[in-house]
Amino acid sequence: MNSQTNSLSTQDIGQTTLPGFDNPVFDATTIFRTVLDAMSHPGTVIETPLTCKSPSKLNSSAASVLLALADMDTTVWLSPETECSNVSDYLRFHTGCSLTQNAKHCDFAVLNGMEGPDQIADLPIGTAENPDRSATLIIAVDHFNSEKKAVLSGPGIKTTSELSPSPLNSKLWGWMKDNRNYFPCGIDVIFASPTHICALPRSSEMDI
Amino acid sequence: MSQNTTASSYNYAYLDEQTKRMIRRALLKAVAIPGYQVPFAGREMPMPYGWGTGGVQVTATVIGPSDTLKVIDQGSDDTTNAVSIRQFFEKTADINTTEKTKDATVIQTRHRIPEETLTEGQILVYQVPIPEPLRFLEPRETETRKMHALEEYGLMHVKLYEDISRHGHIATTYAYPVKVNGRYVMDPSPTPKFDNPKMDNCAALQLFGAGREKRIYAIPPYTKVQSLDFEDHPFEIQSWDQDCALCGSTDSFLDEVILDDKGNRMFVCSDSDYCQSRQDNSMSPSVEHTLSQASQMQSVNSEASK
Ligand SMILES: [Zn+2]
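Reading the values: the criteria
Residues numbered from 1 in each chain as written. Chains lettered and ligands numbered in written order. Predicted model: local features only at pLDDT ≥ 70, side-chain atom pairs only at ≥ 80, totals over all residues. Heavy atoms only, no water. Phe/Tyr/Trp six-rings, centres within 6.5 Å; stacked < 30°, edge-to-face > 60°. Helix = DSSP H or I, 4+ residues; strand = E, 2+ residues; numbered from the N terminus. Buried < 20%, exposed > 50% of the residue type's maximum accessible area, 1.4 Å probe, protein only. Expected span 1.5 Å × (residues − 1). Donors = N, O, S within 2.8 Å, 3.2 Å for Na, K, Ca; no water. Tetrahedral: all angles 85-135°; square planar, octahedral: opposite > 155°, others 65-115°. pLDDT = per-residue confidence, 0-100. Contact = heavy atoms within 4.5 Å.

## Overview of the packing of aromatic side chains
All names here are of chain B. What the rule picks out here adds up to eleven aromatic pairs over all chains. Ring plane angle 10° and centroid distance 4.0 Å describe the contact between Tyr126 and Phe208, whose orientation is recorded as stacked. Residue Tyr126 is located in strand β5 (residues 123–127), and its partner Phe208 is located in strand β8 (residues 205–210); the two are separated by 82 residues in the primary sequence. We note that Tyr126, like Phe208, is buried.

Given below as C-alpha cells:
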C-alpha cells in the first residue's frame, strides 16, 4: 500500500509490519464462526482455525479474535501486562480501533491470565435495561489442561462442561463465579491460548 | 441505494465488512444473554422489509463459502420468498443450497421450524417482523425495556388469561410467548405454537433477526424454552383429526389445501421436505398393509407361545 494514501504510515506505527489476516473477509468470517461456536458451547475448547503472526504479548488466537471483531467503532483496553506499543500499534493498524487507558469505557478488554481481577474491576457490565453494553474480555492463557477445573452448566451446555484455562491467577476463579451474579449484566469471557479458544458467557453457572 | 454500492470492493454476501462486524458483536451478546433483544444498526437490504431483511442480515453475517443454506417460508422451500432469498445468497455468497433439512448448516426460516430434529452445529435463522412480545401491551420501547429489566411479565399472563375467560382456552396460536432460560419473555416469531416445543433444549443454535425494528436475539443450544401457561390451563400444541394425505404423517404440522370449489379439501404437511422424504422412503401402501398384518400375526403368535 502506498503510504501517502494511508493515514497510518509505517513510521507512524513504529516497527509494526506484521501482517493481519491473509484474506480479511473469509478469515474474519471463519474466526467469528469459531467464537460464535465457543460462545454457544461454554467450556468447549475449539481449535482456532487459522494462525496469524502477532506481537509477543498477544497470542495468535487472541489477535485473530480482535482482528475479526474490533474496528473503528470499538474501543479496546489492554491490561498492564499486555499493554505495549507493539500490541496497540498492531491493533490500530489492522482494525482501526481506539485504545483506551480507561477500562470503564471499552468494548473489548485484553488480560493475561496471570493478572488478577483488580485490573478488570472497572470493566462495564451493562445496565439492567441494556445489559449488552458490556465489555467482552479476552484472557490470554497457554493451554486448557489446568489441574484446577470449574464445572459449568446452563445455556449451551447439554449436561455439564469443564473449564480449565492455564495458567490462571487463582483469584480469577472467584471473579468468574461472581460474574454470574450480575446476570443479565456481566462480562463475557473468551479464553485464548495460542491455538485454541474457549468461552465463558455471563449465562454460565459455575461450580469450582 | 446504500453507500456500499459505491465501494470498489465486492461485498461477500452483500453486506460490507463493517456492518458484519457490528452484527457479529450483537450476535455474540445475544447468545450470552439468551432471549434478550440486542439493538443493532441494521442496513437497508435490496428487498422490502416484509421479505425478512432481519433474517437476511443475520444469515449474510454468519454465512461462509463452506456453508450449505436452506431457506423455508411456511415450511416450504418453493415459495417466492424462499426462492428469492436462496437465489440472493447463491449469487452474493457463492454457497451451496439444499432443500434437505439434515444437509443444511444454516437454515433461514419464516413461520416454521423444520419437523426433522435439528442437530448440533446447525444454525436456524428466524425472520422476525415484531421482536417485542410486550409491544401490544405497551407501545413505548422505553417502557418495555424497563419491564424486561424488572421481569415484569404479569401483564402478559393477564393477556393469556383473558383468552381463557373469553374462549375457555388460550386462543393464541401463533407467536405464542416463551420464557428463555427462566429469565426473558421472548417472541418466537410468527411460528405456530406447534413449533414451540422444538425450541426447548434444541441442539442447534437459534438466531432471530428483526430488520425493521433492528433487533437481534438468540437461543443457545440446550437452553430451556418454556411456553407461558397456567397450572389449570397447561400449554398445548395444535393437533389434527386427519393424517397427512400425502405421506400419512400423524405428528407433523398440517396445512389445509382446498381441492375444488365443491368444498373438497385435504390436509398435507406444511414442511415440504419432511413430507417428500417420507413419501420417498415409504413403501407403497399395499406392501405396508401386508407387512403390518404380518407383524400383527407375529405378535399374536409370540403371545401364544408364552
Ligand atoms: Zn406429509
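Anyway, onward from the coordinates.
## Thoughts on helix α1 (residues 17–32) of chain B
In this model, α1 of chain B (16 residues) spans 23 Å end to end at C-alpha, consistent with the 22 Å of a helix rising 1.5 Å per residue. Most of α1 of chain B sits out of view: 15 of its 16 residues are buried.

## Focus: the coordination of the zinc ion
All names here are of chain B. Protein-derived ligands of the zinc ion are Cys244 (SG), Cys247 (SG), Cys269 (SG) and Cys275 (SG), with the metal-ligand distances lying across 2.2 to 2.3 Å. Each of the four donor atoms bound to the zinc ion contributes to angles spanning 105 to 117°, and the resulting shape is tetrahedral. Sequence positions of the donors to the zinc ion reduce to the motif C-x2-C-x21-C-x5-C. One end of the pair, Cys244, is in the loop between β10 (225–227) and β11 (254–258); the other, Cys275, is in helix α7 (residues 272–281), with 31 residues separating them in the sequence.

## Some points on the confidence of the model for chain A
As a note on interpretation, predicted positions should not be read in detail where pLDDT is low. Chain-level pLDDT for chain A is 93 on average; 92% of the residues reach the 70-or-more range. This stretch, residues 1–14 of chain A, has a pLDDT under 50; its non-local contacts, to residues over four places away or in other chains, come to eleven contacts.

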